[in-house]
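A closer look at the structure
The chain contents come next:
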4 protein chains.
Amino acid sequence: MQLDTNSIDNHNQSRLNAHKNKLSYWADEVEKAEATIQKLIDFQIAIPSWALGTGGTRFGRFAGGGEPRNLEEKIADVGLLHALNRSSGAISLHIPWDIPTDPKAIQELAGQYGLAFDAVNSNTFQDQSDQSLSYKFGSLQHTDAAVRQQAIDHNIEVIRHGEALGSKALTVWLSDGSSFPGQLNFRKAFQRTLDSLGEIYAALPSDWKMFVEYKAFEPNFYSMTVGDWGSSFLYASKLGPKAYTLVDLGHHLPNANIEQIVAILLNEGKLGGFHFNDSKYGDDDLTAGSIKPYQLFLIFNELIEGMDARGMNHASSLGWMIDASHNVKDPLEDLLQSVEAIQLAYAQALLVDRVALEEAREANDVAQAQEILQDAFRTDVRPLVAEARLRVGGALQPLALYRSLNMRQQLIGERGAKAVATGL
Amino acid sequence: MQLDTNSIDNHNQSRLNAHKNKLSYWADEVEKAEATIQKLIDFQIAIPSWALGTGGTRFGRFAGGGEPRNLEEKIADVGLLHALNRSSGAISLHIPWDIPTDPKAIQELAGQYGLAFDAVNSNTFQDQSDQSLSYKFGSLQHTDAAVRQQAIDHNIEVIRHGEALGSKALTVWLSDGSSFPGQLNFRKAFQRTLDSLGEIYAALPSDWKMFVEYKAFEPNFYSMTVGDWGSSFLYASKLGPKAYTLVDLGHHLPNANIEQIVAILLNEGKLGGFHFNDSKYGDDDLTAGSIKPYQLFLIFNELIEGMDARGMNHASSLGWMIDASHNVKDPLEDLLQSVEAIQLAYAQALLVDRVALEEAREANDVAQAQEILQDAFRTDVRPLVAEARLRVGGALQPLALYRSLNMRQQLIGERGAKAVATGL
Amino acid sequence: MQLDTNSIDNHNQSRLNAHKNKLSYWADEVEKAEATIQKLIDFQIAIPSWALGTGGTRFGRFAGGGEPRNLEEKIADVGLLHALNRSSGAISLHIPWDIPTDPKAIQELAGQYGLAFDAVNSNTFQDQSDQSLSYKFGSLQHTDAAVRQQAIDHNIEVIRHGEALGSKALTVWLSDGSSFPGQLNFRKAFQRTLDSLGEIYAALPSDWKMFVEYKAFEPNFYSMTVGDWGSSFLYASKLGPKAYTLVDLGHHLPNANIEQIVAILLNEGKLGGFHFNDSKYGDDDLTAGSIKPYQLFLIFNELIEGMDARGMNHASSLGWMIDASHNVKDPLEDLLQSVEAIQLAYAQALLVDRVALEEAREANDVAQAQEILQDAFRTDVRPLVAEARLRVGGALQPLALYRSLNMRQQLIGERGAKAVATGL
Amino acid sequence: MQLDTNSIDNHNQSRLNAHKNKLSYWADEVEKAEATIQKLIDFQIAIPSWALGTGGTRFGRFAGGGEPRNLEEKIADVGLLHALNRSSGAISLHIPWDIPTDPKAIQELAGQYGLAFDAVNSNTFQDQSDQSLSYKFGSLQHTDAAVRQQAIDHNIEVIRHGEALGSKALTVWLSDGSSFPGQLNFRKAFQRTLDSLGEIYAALPSDWKMFVEYKAFEPNFYSMTVGDWGSSFLYASKLGPKAYTLVDLGHHLPNANIEQIVAILLNEGKLGGFHFNDSKYGDDDLTAGSIKPYQLFLIFNELIEGMDARGMNHASSLGWMIDASHNVKDPLEDLLQSVEAIQLAYAQALLVDRVALEEAREANDVAQAQEILQDAFRTDVRPLVAEARLRVGGALQPLALYRSLNMRQQLIGERGAKAVATGL
């Protein structure tokens, strides 16, 4: 299914006056409006290939319909999102769920939708049917060198797939850990994991990065071998300059101050990328900004502060990706909502008066510092985000357009009501 | 597979001297040794039919082998456990995973193993393939009356199955809730759930109980409609005298004082039963006593205090059941460990000097109250638990015997390495 | 110190054009603008007398200056807040920190500032120097009947003070509980507390309410005898129709869904009032809306839904109060920020399109329900709140005016740099 | 007050037969009994000078009586503990609460009790009355270089005091952080803190260590500048080989796996020391082992594994200290209970069959690994700990002896019922 550009034009035309009215108000109200719009245009958030189907929990999965049945259809789905919001211009593949058998053709197809290939993701947290050794007790940490080698080989294979598509980074998320006290020798598990990562690192192309993702718990329920930012930082430091920490918002203990972690990692030059989602209890993988939008804003506030301090380009210097699970929503709608929430948080953070903020901080004027942040957060930046979309051919209101065109129904018509995408 | 009683005799014989030596020491050390042994003999913990296979998470499942392929084999597995420890004399069925097509035969089979049928469990948290309406957005809370009716009918059907087998209780665990702010009208969801429960309650046989289980989160990640003990208590109070709250140790927010909840519910006459497991982060469903054994002891301390204060029989007045998931262990070994840990905690709690404890409390002698509890907890009651098993024909060391007889290998031989039990 | 009304006029005059411009935009954008403004005008949030000085932690307290030295100065401070924002028209006293020796005079003084007396608060969590028995091991739960009687008598005395001032409610927050396993017989503690509360309840004037506040932990670190909403609800139900649960936002376990608790309590007719603050870890007592503004909005969303469903008046049917601690800010500035954040959340919740929301809910249109809530939350309602203030004589920007008039410096001039208010 | 050695002898004599009976049983049961006893004898746990008085919370403090009024009496209290248990042979001083005006005399006094001086502790989390600049907004992180210098100077002064007494380590616990989003530039705060620590580090004697303690929250409630082990490790790594991380059990986010942190830090050669206490919610500072004794055991299990792997001496290579607050118990009784709980955990961890454990781990035999740990934990090692005390002149049951001699009453007689020790 391709989105007709006429559809977008008609949609925008009918909303244009109302939009212009809002924009003109906010362009007056907000000093940095134009600069913000430009930065929003440049800012792209990758969509993971496994987030295009309905997700589930260990208790069950309630599939929707019209889910993509193969990599080509996944690319089409991301292409549809990108046509709507002009901000989802990259796809992040997962191996082995999305092995591109004909990389050239796949790259060409993605190019037709204006999509690049973001970080590739390995999977050693599940056993595949054709796999000789099991990851039941871990992969890169495993006590058996043969299992470790299998996992290393898999990661290197993922790099090769990524090279063929033009990816520039490998994301390694390990479920390795233990579920019971006593199960693991923490020391040896750390060393084995480090050694294994080292072999993968050695296979990285020179212009690639490796993202070492951490997670506090699940699916292991006692310890995770890359369990927090401190551990991930240790691995990344020992591995070398191409290794970085990747932060997934849902991978922390309760009440963690994620924005401070972001600031520290940026300061150490070791923040590599982001997995956006939201959560109330654990790795709930809910729509970005649906539970704690102020936290999302505070994270962007640190990102901007830290990237600007180091002269990093907002759009290109870090990996930005959504990583969510859509258990009770249409996945495409959920992704549109996530991208919108991320853009709003980014835009609000761009509005922060940084000079005044630093002044307030230097003066320990806590109330004023809070006022400055809240002033930005309380600003209704939706017209700015809409304008950014409008300027590059996207829809003023992507979700509304998606709905008015009955896109899910069209997808079901094409793919069937029982189509189930690979993924979690 | 049946356990040869000779095996147990041989096992016990070879360990008897060492055991008698220990027992004689502890019989001297501990005043209430004999009374404790008698209570341990009476205390039975039900095994859920879904806990006999390897469990998994949303990320994957690493099956073991020799898992029971049908209800008959599940009963055989529980029978094996019971033969080993003489404390697993009941099985708790789950419908529709374990529909007994010939209840008479099933009952007879269970009887051969000395097993009774504990509470039956309904399932409205998953869609079955032959189901007309979906539980994607809840069951007893659903906005659509037809879905609610389907769920009510299912629960009543579960009661009928239970009646045929001699069960005396229905456990209702609902995954109903919401994953996003706004999704649910909490007020209406509560009322609908209450009305639906009311219809099920009306269908309860006169000598049955209904257990209303609560859970803080998962699989819904914003709200659960029966989310805490307060909610469950409200439902149970409004439903009537046959309705009770069921406590699952893993269903709480971080740091909850579960033992206090137990005491309050007992005091209100509304505690119905228990699901034992252990956890560090959420509903991790780990082996009972594997993470916080002192908490397990404190819970039993409240149970004994509260049941004794109300003249309740320890063994029969509450429903005792394990509810765990065995992701990285042999399920039968895990269950043997859980039962042992529960018995140890129960035995230690029986040893508490309650007269001295009340004296210390009345005097606000906090250090002394702590000493009294710790004195019981620090006591090595393993010989008492072993003696209880020995007296009624169980094995002194069930896990060691299970291993020495290569039982898992035998089961794999019988059932195959790829047999996968129904369940989570 | 009295605020010169000219100051407000000058302040408003200089900002009027900009304000009118914003208001006119939003009056067009938001359908319910006028109704919202009216409701904001009626909505008053009580200020606790103990929140006018610098707060501290067990590690220390860093006093500011110009803190009120007596009840009269506390009333003057609240009067100042109310003059600025016209929304802080009530003061909540704490006994014994603020015993009114001449109630008539105090009432008259408050009247001059336009202030009413909100709920009165007892204190049995500290020992006063003239106290005969200690609350070290609890008050209403105490094993010694004489201590319980002392605490009962104190509460009744607090009611008498409240009556003399025109209060209509007593807030009972108990620190009673235990810090170690074993310390407390939970059952007896519950019964004793209930009996003690019953005696206080019996002394309530007929038109009074009793608020039973709960708290999960601190200052007791193992159990709290009124530890969660379920417990508080039990006490309030047993006490009678004048007893209600009071919710303090900071008194929950991590990740608690407070808005759902609010909905349940309202539905049961047992929600009595609110203590506003914000927190990240425990009872941090931070400025309302400073950490989780979306949660604050969601709470108001439930409050409005539930109160409207029961025909309750927003302004008068519940007790609204701030309960915060100002450790690193000027207390008056902090309170202005808190009131503003509460008003914004209330205004945003008023904007929710409830008809559309219920439609989305009935259709299980989760994405749409989220859109509806987020649409309201993302609206910049600051002009509406400012307009509400403007219409009844408050300042367009209370904090800015407070600062421009150097009010803290004036207070220090009057009261000295070392003045320390009673309180925590 | 000095403890009469006759008292101990009499106490021991009357319990000797019972003890010998138990010991003989356990010496048979436990292979490593004698080696364990020897290690227990060598193991000393320092007592902090601020833990000898009644502690409190921000809500209040309920003093006991007979608290030490000066450093000499604090030393006497620790001397008393050490006489009773022979395991509290060191005292950890806090400056400025315990400035030794005559170090020689103090050292001599301590020597009479057999006490050494453990790490000295600085205090920049409170303002002292004679202090020129305030720490309200931090100390080593402060925006004002003069405040930082004051804090640096204070730390160096603390080192000088420590040198005079024979201490060999400085513990730096910083409350530096922020209570509101926006308040702090995390990057600058980190750098300033690092620079300040660097100046203190430069002043360390060559044979000293610096312990950088981390804490997740309190008294700052949004961010802590040394907030987790990762941060502390970063500081310690940048500072140099004499800087180490110090772990306080209560300073973590909910559900943290502290034992894994210990293993990682040991493996990196950066674990410096320990503050023992227990907690359920936050930094509750309860008696060690009173809430989660199994966790305490698991921590010792990692300590032993890690220290043995690096050839570190258990008794001397790390700093061991209790850091608790005694709000509802006699401080000396609480400390006796803490030391006992620590010794029990250490002894149980020594009993772990490490060869078998490593075998089980290498074979991924999770159930067996759990059995091995639980076997050690379930062993009643109290007779071994008592025997260790007995052999070096301590009491078989220190708490019982303390009580039978009415020691608190004697202290009240000496010091008065209103004596209040400096501290929290």
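Okay, so let's go over this structure. The model shown is predicted, which means the values in this text are computed figures rather than measured ones. (Residues numbered from 1 in each chain as written. Chains lettered and ligands numbered in written order. Predicted model: local features only at pLDDT ≥ 70, side-chain atom pairs only at ≥ 80, totals over all residues. Heavy atoms only, no water.)

Bringing the overall build of chain A into the picture now. Each helix and strand counted, chain A has 15 helices and 13 strands in total. Its C-alpha atoms put chain A at 65 × 60 × 40 Å along the principal axes. In chain A, which comprises 424 residues, the share counted as buried stands at 70%. Long-range contacts, defined here as pairs at least 24 residues apart, represent 79% of the contacts in chain A between residues at least 6 apart. Accessible surface computed for chain A: about 12,900 Å², of which carbon and sulfur atoms make up 48%. Between the averaged position of the 37 positive side-chain charges in chain A and that of its 53 negative side-chain charges there is a distance of 3 Å. (Helix = DSSP H or I, 4+ residues; strand = E, 2+ residues; numbered from the N terminus. Buried < 20%, exposed > 50% of the residue type's maximum accessible area, 1.4 Å probe, protein only. Contact = heavy atoms within 4.5 Å. Areas by Shrake-Rupley, 256 points an atom, 1.4 Å probe, with all protein chains shown as cover. Lys, Arg positive; Asp, Glu negative; His and termini not counted. Charge placed at Lys NZ, Arg CZ, Asp CG, Glu CD.)

Turning to the relation of the copies chain D and chain A, a few remarks are in order. Laying chain D over chain A is done by rotating through 180° and shifting 0.0 Å along the axis; what remains is an RMSD of 0.0 Å. Given the turn and translation reported, the copies of this chain are related as if by a two-fold rotation axis. Among all residues of chain D, the one whose C-alpha sits closest to the rotation axis is D:G230, at a distance of 2.1 Å. In this assembly the copies share their binding face: 100% of the residues contributing to the interface of chain D also contribute to that of chain A. (Least-squares fit on C-alpha atoms with pLDDT ≥ 70 in both.)

So, on to helix α7 (residues 229-239) of chain A. When you tally the buried positions in α7(A), you get 9 out of 11 residues, the bulk of the element. Taken together, the buried positions of α7(A) are A:W229, A:G230, A:S231, A:S232, A:F233, A:L234, A:Y235, A:A236 and A:L239. Taken together, the buried residues of α7(A) touch α6 (186-202), β9 (209-213), β11 (243-248) and α8 (258-267) of chain A together with α7 (229-239) and α8 (258-267) of chain D. Two residues or fewer past α7(A), A:G240 is found with a positive phi of approximately 135°.

Before going further, it helps to spend a moment on the packing of helix α3 (residues 71-85) of chain B against helix α10 (residues 331-351) of chain B. All names here are of chain B. Contact geometry of α3 with α10 gives a least axis separation of 11 Å together with a crossing angle of 45°. On the basis of the axis angle, α3 is oblique to α10. Crossing handedness for the pair α3 and α10: right-handed. Residue-level contacts link D77, L80, L81, L84 and N85 of α3 to L332, L335, L336 and V339 of α10. Along the lines of polarity and charge, the residues of the contact of α3 with α10 split into 7 nonpolar, 1 polar and 1 charged. (Axes fitted to C-alpha atoms, helices over the stretch in contact; angles between N-to-C directions. Parallel < 35°, antiparallel > 145°, perpendicular 65-115°, else oblique. Left-handed = near helix turned anticlockwise from the far one by under 90°. Nonpolar A, V, L, I, M, F, W, Y, C, P; charged D, E, K, R; others polar.)

Residue and element names in this part refer to chain D. Spatially, 6 strands are ordered β6-β7-β9-β11-β12-β13 in an open sheet, and the strand pairing comes out parallel. At either end of the open sheet lies a strand with only one pairing partner, and these are β6 (120-121) and β13 (319-322). As defined by bridge partners, strand β11 (residues 243-248) adjoins strand β12 (residues 271-276) across 4 bridges and the pair is classed as parallel. Opposite T245, over in β12, you have L271 as the bridge partner. Packing of α7 onto the sheet brings it into contact with β9 (209-213) and β11, and relative to β11 it is tilted by some 160°. (Pairing = 2+ DSSP bridges.)

Before going further, it helps to spend a moment on the interface of chain A and chain C. At the interface, 39 residues of chain A touch 39 residues of chain C. Summing both sides of the interface, chain A and chain C together bury roughly 3,400 Å²; the carbon and sulfur share of this comes to 47%. It is A:Y25, A:N255 and A:R378 that lose the most area in chain A upon contact with chain C, and together they represent 19% of the buried surface on that side. Put simply, chain A and chain C have 6 salt bridges between them. Of the charged contacts, one joins C:D365 and A:R403 as a salt bridge, the two residues approaching to 2.6 Å between their closest N and O atoms. (Buried area = accessible area lost by both parts, 1.4 Å probe. Salt bridge = Lys/Arg side-chain N within 4 Å of Asp/Glu carboxyl O.)

Attention now goes to the side chain of C:K280. Note that C:K280 resides in the loop between β12 (271-276) and α9 (293-309). Of the polar contacts made by the side chain of C:K280, one reaches the backbone oxygen of A:A256; its length is 3.3 Å. With residues up to four places along the chain from it excluded, the contact list for C:K280 reads A:N255, A:A256, A:N257, C:I291, D:F221 and D:Y222. (Polar contact = N/O pair within 3.5 Å; in protein donor to acceptor, adjacent residues only side chain to side chain.)

Our next topic: the side chain of A:N185. Mapped onto the elements, A:N185 comes out in the loop between β8 (177-178) and α6. Discounting chain neighbours no more than four positions away, the residues touching A:N185 are D:E305, D:E358 and D:R361.

Looking now at the interface of chain D and chain A. Contacts between the two partners involve 50 residues from chain D and, on the opposite side, 50 residues from chain A. Carbon and sulfur atoms make up 54% of the area that chain D and chain A hide from each other, which totals about 4,500 Å². Three residues, D:F186, D:R187 and D:N364, lead the burial of chain D against chain A; their summed loss comes to 13% of the area buried on that side. For the pair chain D and chain A, the interface holds 8 salt bridges. The partner of A:E362 in a salt bridge is D:R192, with the nearest N and O atoms 2.8 Å apart. Seen at the junction of chain D and chain A, the total is 28 residue pairs in polar contact (both at pLDDT 80 or more). Within the residue set of the side of chain D that touches chain A, elements represented by two or more residues are α6 (186-202), β10 (223-224), α7, α8, α9 (293-309), α11 (354-362) and α12 (366-377) of chain D. Ranked by the residues each element gives to the side of chain D that touches chain A, the list is headed by α7(D), at 6 residues. Looking at side-chain class alone, the side of chain D that touches chain A contains 23 nonpolar, 15 polar and 12 charged residues.

Here the bond from B:E218 into B:P219 is cis, since omega is 10°, no more than 30 degrees from zero. Its place among the elements puts B:P219 in the loop between β9 (209-213) and β10 (223-224). Even without a glycine there, the phi angle at C:E218 is positive, about 75°. Relative to the helices and strands, C:E218 is located in the loop between β9 (209-213) and β10 (223-224).

What follows is about the relation of the copies chain A and chain C. Each copy of the chain is related to the other by a rotation around an axis and a translation along that axis. The operation relating chain A to chain C is a screw motion whose rotation component is 180°, with 0.0 Å of axial translation and a residual RMSD of 0.0 Å. In this assembly the copies share their binding face: 100% of the residues contributing to the interface of chain A also contribute to that of chain C.

One pass over the structure, following the stated rule, counts 104 salt bridges over all chains. When salt bridges that share partners are traced, they join A:R58, B:K215, B:E218, B:D283 and B:D285 into one network.

Turning to the packing of aromatic side chains, a few remarks are in order. Aromatic ring pairs are defined here through the distance separating the ring centres and the angle between the ring planes. Tallying each qualifying case throughout the model produces 90 aromatic pairs over all chains. Ring geometry for D:F297 and D:F377: centres 5.4 Å apart, planes at 50°, overall tilted. Linking D:F297 in helix α9 with D:F377 in helix α12, this pair joins segments that are 80 residues apart in sequence. Of the two residues, D:F297 and D:F377, both sit in the buried class. Joined through ring pairs, the aromatic side chains of A:F43, A:F274, A:F276, A:F300, A:W320 and A:Y346 make up one cluster. A cation over an aromatic ring shows up here: C:K209 above the ring of C:Y244, its NZ or CZ 5.1 Å from the ring centre. Over the ring of D:Y244 we find D:K270, and its NZ or CZ is 5.6 Å from the ring centre. (Phe/Tyr/Trp six-rings, centres within 6.5 Å; stacked < 30°, edge-to-face > 60°. Lys NZ or Arg CZ within 6 Å of the ring centre and 35° of its normal.)

This next bit is on the pairing of β12(D). All names here are of chain D. Summarising burial for β12: 6 of the 6 residues are buried, a large majority. Remark: the β11/α8/β12 crossover connection has right-handed handedness. Note that the unit made of β12, α9 and β13 has a crossover that is right-handed. (Right-handed = clockwise from strand over helix to strand, strands pointing away.)

With that settled, the discussion passes to the environment of A:L109. Residues and elements named next belong to chain A. Tracing the backbone through its elements, the reader meets L109 in helix α4 (residues 103-112). In this structure, the C-alpha to C-alpha distance between L109 and G79, residues 30 residues apart in sequence, is 9.7 Å. Filtering out sequence-adjacent residues up to four positions away, L109 remains in contact with E72 and I75.

With that settled, the discussion passes to the sheet that holds strand β1 (residues 47-48) of chain A. Residues and elements named next belong to chain A. On the basis of which strands lie adjacent, the open sheet formed by 3 strands has the order β1-β4-β5 and parallel pairing. Of all the strands in the sheet, just β1 and β5 (116-117) have a single pairing partner and so form its edges. As judged from the 2 bridges shared by β1 and strand β4 (residues 90-92), these two strands associate in the parallel manner. If you follow P48 over to β4, its bridge partner there is S92.

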